[in-house]
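An overview of the molecular structure
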Amino acid sequence: NMYYRYEIFAYESVNEDSNVYQISFEDDAAIESYINKIRELSERQTDIDVSVDDKIIMLSTCSTLSNHKRFVVHAVRVDEHKQ
């Protein structure tokens, strides 16, 4: 019953077995390290703030570069409201 708005903060092409698909982390330090790694890999740098407390989604699709590559988009929730 909610609408969410996300803003893209990073995107890149990765191998199909890349660690960007990791979904569980030991602690906040590991999450922060993961976010920093995503930013480093990004094809374009943004000034969008992302912290360990934010809601982040990742979208992944096939890449035209290779059968073993994926194009990945990372976005952070910036707004929400009821339907």
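Please refer to the structure higher up on the page.
This write-up is about the structure you can find in this document. Nothing here was measured: the structure is a model prediction, and the numbers come from that model.

It is worth spelling out the sheet that holds strand S1 (residues 2–15) at this point. The sheet built from three strands is open, its strands ordered S1-S3-S2 with antiparallel pairing. Strands with a single pairing partner mark the edges of an open sheet, and in this sheet they are S1 and strand S2 (56–62). Averaged over neighbouring strand pairs, the angle between their axes works out to 25° when direction is ignored. One ladder, built from 13 bridges, connects S1 with strand S3 (residues 69–82); its direction is antiparallel. Following the sheet pairing, Ala 10 is matched in S3 by His 74. Packing of helix H1 (residues 28–41) onto the sheet brings it into contact with S1, S2 and S3, and relative to S1 it is tilted by some 65°.

With that settled, consider the environment of Met 58. The topology assignment puts Met 58 in strand S2. Given a relative accessible area of 28%, Met 58 falls into the partly exposed group. Each C-alpha atom, one on Met 58 and one on His 74, is 4.5 Å from the other, the two residues being 16 residues apart in sequence. Not counting residues within four places of it along the chain, the set of residues in contact with Met 58 comprises Val 20, Tyr 21, Tyr 34, Val 72, Val 73 and His 74.

What follows covers H1. For an α-helix, 3.6 residues make a turn, and residues three or four places apart therefore share a direction. Here H1 is 14 residues long and its end C-alpha atoms lie 20 Å apart, about the 20 Å a rise of 1.5 Å per residue gives. Tyr 34, Ile 35, Ile 38 and Arg 39 are the residues of H1 that are buried. Within H1, the buried residues cover an arc of 135° as seen down the axis, which keeps them to one side. Every exposed residue of H1 that faces more than 90 degrees away from the buried side is listed here: Ala 29 and Glu 40. The inward-facing, buried residues of H1 contact S1, S2 and S3. For H1, the side-chain oxygen to backbone nitrogen distance between the N-cap and Ala 29 is 3.2 Å, and the N-cap itself is Asp 27.

Moving on: the nonpolar core. If you look at the biggest cluster of nonpolar residues, it comprises eleven residues: Phe 9, Ala 10, Val 14, Val 20, Tyr 34, Ile 35, Ile 38, Ile 48, Val 50, Val 72 and Val 76. Contributing elements (two or more residues each) for this core: S1, H1 and S3. Dropping the residues within four chain positions of it, Val 20 is found in contact with Glu 12, Val 14, Tyr 34, Leu 41, Met 58, Val 72 and His 74.

The next point concerns the pattern of salt bridges. Per the stated rule, a full pass over the model turns up two salt bridges. In this structure, the salt-bridge partner of Glu 16 is Arg 70, at a minimum N-O distance of 3.1 Å. With Glu 16 in the loop between S1 and H1 and Arg 70 in strand S3, this pair connects stretches of sequence that are 54 residues apart. Across the salt bridge formed by Glu 80 and Arg 77, the nearest N and O atoms sit 3.1 Å from each other.

About the cut-offs
Residues numbered from 1 in each chain as written. Predicted model: local features only at pLDDT ≥ 70, side-chain atom pairs only at ≥ 80, totals over all residues. Heavy atoms only, no water. Pairing = 2+ DSSP bridges. Helix = DSSP H or I, 4+ residues; strand = E, 2+ residues; numbered from the N terminus. Axes fitted to C-alpha atoms, helices over the stretch in contact; angles between N-to-C directions. Contact = heavy atoms within 4.5 Å. Buried < 20%, exposed > 50% of the residue type's maximum accessible area, 1.4 Å probe, protein only. Expected span 1.5 Å × (residues − 1). Arc of directions from axis to C-beta. Polar contact = N/O pair within 3.5 Å; in protein donor to acceptor, adjacent residues only side chain to side chain. Core = buried A, V, L, I, M, F, W, Y, C linked by side-chain atoms within 4.5 Å. Salt bridge = Lys/Arg side-chain N within 4 Å of Asp/Glu carboxyl O.

The values are spatial; any link to function lies outside them.
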